[in-house]
There are 2 protein chains.
Amino acid sequence: MTRSMNIVAAVRASGVSAKMIRHYEERGLIAKARRTAAGYRLYGDADVHALRFIRQARDLGFSTQHIAALLDLWRDRRRPSAKVKALALEHLRDLERKAAELHAMKATLEHPVHGCHGDDRPQCPNLEALAMPVEGGATAQPVRRRGVLRQGTRR
Amino acid sequence: MTRSMNIVAAVRASGVSAKMIRHYEERGLIAKARRTAAGYRLYGDADVHALRFIRQARDLGFSTQHIAALLDLWRDRRRPSAKVKALALEHLRDLERKAAELHAMKATLEHPVHGCHGDDRPQCPNLEALAMPVEGGATAQPVRRRGVLRQGTRR
DNA sequence: GTCGGGGTTGCCACCGTGGGAAGGTCAAGC
DNA sequence: GCTTGACCTTCCCACGGTGGCAACCCCGAC
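On a predicted model such as this, the values are computed, not experimentally measured, just so you know.

S.K.: Now, about the overall build of chain A: what can you tell me, with residues and values included?
M.R.: The number of helices and strands found in chain A is six helices and two strands. If you list the helices and strands of chain A from N to C, you get α-α-β-β-α-α-α-α. The contacts of chain A with a sequence gap of at least 6 include a subset with a gap of at least 24, amounting to 50%. Of the roughly 8700 Å² that chain A leaves accessible, carbon and sulfur atoms contribute 53%.

S.K.: Give a description of the nonpolar core that names residues and reports values.
M.R.: If you look at the biggest cluster of nonpolar residues, it comprises 66 residues, and the most contacted ones within it are A:Ile21, A:Ile54, B:Ile21 and B:Ile54. Those residues in contact with B:Ile21 that lie beyond four places of it in its chain are B:Ile7, B:Ala10, B:Val11, B:Ser14, B:Val16, B:Ile30, B:Tyr43 and B:Leu51.

S.K.: Would you mind going over the pattern of salt bridges in detail, with residue names and values included?
M.R.: Residue and element names in this part refer to chain A. For the structure on display, the rule yields 12 salt bridges over all chains. Linking Asp94 and Arg97 is a salt bridge whose minimum nitrogen-to-oxygen distance equals 2.8 Å. Separated by three residues within a single helix, Asp94 and Arg97 lie in helix α5 (residues 81-115), roughly one turn from each other. Since its relative accessible area comes to 27%, Asp94 is described here as partly exposed. By relative accessible area, Arg97 is classed as partly exposed at 38%. Salt bridges here are not isolated pairs; linked through shared partners, they connect Asp94, Arg97, Lys98 and Glu101.

S.K.: A description of the packing of helix α4 (residues 64-75) of chain A against α5(A) should follow, citing residues and the corresponding values.
M.R.: Residue and element names in this part refer to chain A. The geometry of α4 relative to α5 is characterised by a closest axis approach of 10 Å and an angle of 160° between their N-to-C directions. Regarding the angle of α4 to α5, the classification is roughly antiparallel. The chirality of how α4 crosses α5 is left-handed. Here His66, Ala69, Leu70 and Leu73 of α4 lie close against α5, whose contacting residues are Lys83, Val84, Leu87 and Glu90.

S.K.: I'd like to hear about the side chain of A:Lys106, residue by residue, with values.
M.R.: Assignment of secondary structure puts A:Lys106 in helix α5. No salt bridge is formed by the buried A:Lys106; its nearest oppositely charged neighbour, B:Glu96, is found at 4.3 Å.

S.K.: Tell me what's going on with helix α3 (residues 45-59) of chain B, and back it up with residues and numbers.
M.R.: All names here are of chain B. With 15 residues, α3 should cover 21 Å at 1.5 Å per step; its first-to-last C-alpha distance of 21 Å lies within 8% of that length. Regarding α3, the residues found buried are Val48, Ala50, Leu51, Arg52, Phe53, Ile54, Arg55, Gln56, Ala57, Arg58 and Asp59. Phi turns positive, to about 90°, at Gly61, one or two residues after α3.

S.K.: Which residues make up the packing of helix α1 (residues 7-14) of chain B against α3(B), and what are the values?
M.R.: If you want to describe how two helices pack, look at the angle between their axes and the distance between the axes. Residues and elements named next belong to chain B. It is the contact of α1 with α3, at a shortest axis distance of 9 Å, that shows an interaxial angle of 50°. When the interaxial angle is binned, α1 and α3 end up oblique. At the point where α1 passes α3, the crossing takes the right-handed sense. In this structure, α1 contributes Ala10, Ala13 and Ser14 to the contact, and α3 contributes Val48, Leu51, Arg52 and Arg55. The residue inventory of the contact of α1 with α3, partitioned by class, reads four nonpolar, one polar and two charged.

Conventions we followed
Residues numbered from 1 in each chain as written. Chains lettered and ligands numbered in written order. Predicted model: local features only at pLDDT ≥ 70, side-chain atom pairs only at ≥ 80, totals over all residues. Heavy atoms only, no water. Helix = DSSP H or I, 4+ residues; strand = E, 2+ residues; numbered from the N terminus. Contact = heavy atoms within 4.5 Å. Areas by Shrake-Rupley, 256 points an atom, 1.4 Å probe, with all protein chains shown as cover. Core = buried A, V, L, I, M, F, W, Y, C linked by side-chain atoms within 4.5 Å. Buried < 20%, exposed > 50% of the residue type's maximum accessible area, 1.4 Å probe, protein only. Salt bridge = Lys/Arg side-chain N within 4 Å of Asp/Glu carboxyl O. Axes fitted to C-alpha atoms, helices over the stretch in contact; angles between N-to-C directions. Parallel < 35°, antiparallel > 145°, perpendicular 65-115°, else oblique. Left-handed = near helix turned anticlockwise from the far one by under 90°. Lys, Arg positive; Asp, Glu negative; His and termini not counted. Expected span 1.5 Å × (residues − 1). Nonpolar A, V, L, I, M, F, W, Y, C, P; charged D, E, K, R; others polar.

In structure tokens form, the structure reads like this:
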């Protein structure tokens, strides 16, 4: 019976903010919503379903691009499960790569930290060494290897 | 003797891009550079030093805010090492929190993935269950617990 | 009719980074 | 001298994901 609901109802049913619902619509992740005469968006159960799907995927760290792909597969009755699995595996590898980077940062930071007295004296020898790394021949070559991870905006 | 160099030389000596050097200057992380009559920025060894410091800190995942704080401490001859340590520990805890979130995502994703056949058949039961989570009484409460991690832009 | 809670659009912000346009400058070579 | 090419400057735009705010319309209850 797919009762129709307005955007706030869809927010409550899906856990996705109104802002993001509109955003996903604009980005083409979900279809343009039907509208009332006054222009209000209308949603049905299927839409809420899709929104929850999106929320779950986001919580798992999938990028919008990947979510779009997953949604396509999800809507396709005849999808080969291999494709779904491939996407998921790729994402898993991504998660692992990020975890490894985090781990490396942690390791690099941990040793100097433990060597730091943490008192009123200014010395914090290892941390300072850490601050000034390669240091030696001056003019380092344009290194350019970089990490990935950055802090997100979610709450 | 602090020979002066232009921005490209500073880039080569520090490993920070010209774009980001200007950005850090604008953000107040580093002091406004001296300029030639023509308006070209001039850098000395101390500046390169600071830039390397920044690059290292970024590679360790510190946010610009934290880096600014670290720089202040670094420049303060009389800094109490306790403050440095506190910042570093806070960041370590942050890294650990992120790692835990990544780990949780990985765990949530791994089980369904292994249960997915990965062939031509459309079924991928666990993944679909994953897609549609709480599902049951409809209208879930406005959940609002969210992850953190998002992919960064670095290379 | 008025009020409050919704709805709509659109723009701005964060963070870190890169890309590019439009224009000025400098040193080397003819 | 003049050209060329490398380099500098500023300013704006983009990504991703999210929130905030402003200005305005709409609808139901009193």
